[in-house]
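Architecture and fold: a report
Spelled out, the chains give:
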Amino acid sequence: NQIRKEVQRAGGFTLVLDAGDVNTGVPQSDLQDAEPDFKSMDLIGYDAMTLGNHEFDKPFSILKKQKSWVKFPFLSANIVSASPSNDPFKPFIQKSFKDLKITIFGLKKKNTPSLTKATNVEGLTFKPAIEVAKHLVPKHKKKSDILIALTHIGYYQDEKNQSGEPPGDVTLAKQVPGIHVIVGGHTHTAIT
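Some words on helix H3 (residues 35–44)
Every buried residue belonging to H3 is among Phe38, Met41 and Asp42, and all of these are buried. Buried residues in H3, looked at end-on, bunch into an arc of 100 degrees, giving them a common side. Buried residues belonging to H3 abut strand S1 (17–18), strand S2 (48–50), helix H4 (60–68) and strand S3 (74–75). A positive backbone phi angle near 95 degrees is found at Gly45, which sits one or two residues after H3.

A closer look at the sheet that holds strand S8 (residues 146–152)
Taken in spatial order, the four strands make up an open sheet running S5-S6-S8-S9, and their pairing is mixed. Bordering the open sheet on either side are strand S5 (92–97) and strand S9 (181–184), each of which pairs with just one other strand. Recorded for the sheet is a direction-independent mean angle of 20 degrees between the axes of neighbouring strands. Bridging between S5 and strand S6 (residues 100–108) involves six bridges; their strand directions are antiparallel. Bridging across to S6, Ile93 finds its partner in Ile104.

What counts, and at which threshold
Residues numbered from 1 in each chain as written. Predicted model: local features only at pLDDT ≥ 70, side-chain atom pairs only at ≥ 80, totals over all residues. Heavy atoms only, no water. Buried < 20%, exposed > 50% of the residue type's maximum accessible area, 1.4 Å probe, protein only. Helix = DSSP H or I, 4+ residues; strand = E, 2+ residues; numbered from the N terminus. Arc of directions from axis to C-beta. Contact = heavy atoms within 4.5 Å. Pairing = 2+ DSSP bridges. Axes fitted to C-alpha atoms, helices over the stretch in contact; angles between N-to-C directions.

Here you go:
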């Protein structure tokens, strides 16, 4: 709140985003379905999060319960259900700050089903993140001043050397023109 006030006084705005993997890690969260984490994120006033592979460590019913604890959306443009009218996640959100229009879209690793139990992702299809972004970005480029990719696809400096991993944030930046900011997770890589 202090930072928000400082930024607002300076004429700016803030966005609070999360690149996934809220579930799993510390015992109090593991044992309580990450309820302390999600409710704290909601109190902080997060604007959006994308899903990490650990969001699928438990049955899908737990993820639905977690969504009900928060006001912010879970974003993923490349996870679809067998019934498209029943897609469980928003592909993107749009925010406006004065005259500035921002689109934030979520992307998840295509290989998530191989990282978890099949029953936890039953009925969901994980499409290739880069291909989905190639279709999504041009549609929103005309309507937005800033495009933010909120991803959980990983950062691999030399992606040609990654065996078995789908392309990550570096390939996304190279192959999909028009993205202004990538907020990425999965590989826990600090970029300085």
